[in-house]
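Now for the letters of each chain:
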Amino acid sequence: MTMRRYVAILLAVALTAGCGGGAADDDGGGELVFANWQWLEPGRGEALWTAVNGYTTADPAVTLKQQAIARKDYESTLKTQIGARGGPDLLIIPDTFLPELAEAGALEPLDDVLDDAGKAALNATNDAGVLDGEQVGYAWEIVNYALFWNTKVLDQAGVQPPTDFPGLVTAAKTIKDKTGNPGFAVRHQINEEAPWWIDFSNWSYGFGGAWSKDGALTIDAPGNVAAVTAFRDMYTSGAMAVGDDASTFRSKFKAGTVGMMIDNSSALATMVAGNTVVPSTGVGASPLPFPAKASGQAGFFIGINAFSKNKTAAKKWLRWFYGAGPQKQAAAALGASVLGTDTTPPAEFVTANPWVPTFQAQAALSADAVIDGFETETPQIRHIVLTEVEKVLVDGEDPAVALARAQEAAEKLR
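Since this is a predicted model, take the numbers as computed values, not measurements.

A. Quick peek at the confidence of the model for the protein. In the predicted model, the protein carries a mean pLDDT of 92, and the fraction of residues at 70 or more is 93%. For residues 1–24, every residue scores under 50 in pLDDT, and the model assigns this stretch 37 contacts once sequence neighbours within four places are set aside.

B. Representation of the pattern of salt bridges in the model. Tallied over the entire structure, the rule returns 20 salt bridges. Among the ionic pairs, E108 bridges to K311, the shortest N-O distance being 3.1 Å. In this pair, E108 is assigned in the loop between α5 (98–103) and α6 (116–120) and K311 in helix α13 (residues 311–321), connecting sequence segments 203 residues apart. In this structure K311 comes out as buried when scored by relative accessible area, which is 8%. The salt bridge partner of K252 is D244, with a shortest N-O separation of 2.8 Å. The network of salt bridges with shared partners includes E108, D112, K311 and K315.

C. How the structure looks around unusual backbone geometry. Of note in this structure, R85 is not a glycine but carries a positive phi near 65 degrees. One can find R85 in the loop between α4 (71–83) and β3 (90–94). Phi angles above zero are rare outside glycine, and D214 is one such case at about 55 degrees. Residue D214 is classed as exposed on the basis of its relative accessible area, which comes to 75%.

D. Examining the nonpolar core more closely. Among the nonpolar cores identified, the biggest contains 102 residues, and F34, W140, F184, W203, M260 and W317 are the most heavily contacted of them. Core analysis: the second largest hydrophobic core is formed by 22 residues, A185, M261, A269 and V278 among them.

Basis of the calculations
Residues numbered from 1 in each chain as written. Predicted model: local features only at pLDDT ≥ 70, side-chain atom pairs only at ≥ 80, totals over all residues. Heavy atoms only, no water. pLDDT = per-residue confidence, 0-100. Contact = heavy atoms within 4.5 Å. Salt bridge = Lys/Arg side-chain N within 4 Å of Asp/Glu carboxyl O. Helix = DSSP H or I, 4+ residues; strand = E, 2+ residues; numbered from the N terminus. Buried < 20%, exposed > 50% of the residue type's maximum accessible area, 1.4 Å probe, protein only. Core = buried A, V, L, I, M, F, W, Y, C linked by side-chain atoms within 4.5 Å.

What follows is the structure in structure tokens.
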């Protein structure tokens, strides 16, 4: 039985038994537990917490408490907690996780939270939080991707920022040869499956691939095969930080010992915050050096746990957060991200972080990693595909053969 089905069954039993979250709801006060992996991010996590915790000044009857969960454990931890009719009151939800929770009945409908003025202030990013006609999440941030590099390392190696994939491999090898440090880093391990899938979408979209079209899966399409082939070529180049998880290679970039990365703007903001070794002004960025202009994005939403005993308080907080003042403070903390309203980061932030416009410009060309037409099956398909990609990387499997197997296995899910 899949974890998704397990959660759905537990929730269905609970609701049938009359044990839903509304049974012991509060009157708008009390403690709100807020789950987010970003609380663990140095500097940025503190700024985000200050932004969301400002509500306690406006409403002293409420206190907020962090539930900080490492990103790689985030979804599995929440599935277990929610499946047991527990978990946080408020939670940040990755876009690939949203359909799964919604199908399981784990998210409180939010259509009654914002008034007309509040709804008018929202932008189109919130449309992805509407499932089966109900708003079950509001956009927290949409995070875009780019290629970025340590300018000091590239200068030391005597290489120019690459503009295509062969140039990326060549530059990474030169950095490795000249400095002894990895020339390139990116997620590549199944033990980080959920975030790796989001990161890997950059390669698929960047090589003209897609996971579905017109209601049919296209896992073994030529663009996806080209993407996996390129990923393999970088992995086996000898210049990549193979074996490092995201926490490790990000720490290395922060310490000045990785030349280039493909990662999201939030990760980069965390790495350069207060960094005197790799200051923000010492980082360059460009669109992904792939044949197509398309790229992936990481979309994150705010939701309310259907089993929360504090849903009234949670809705009041959510209504406050989408006001102009809190959104302005959140924009300052989230930096290069696109928010659920059109609030932009302060001009001084952009000036201090010259790579920000590159990430922001990519918003018009980016798409999420939820498989169109297979939204609730995305976690299962993701596992099938990345398991086959790992066989290509580790066992030397042929990319076309591996993706053909993934196509066949994924089609059997329905």
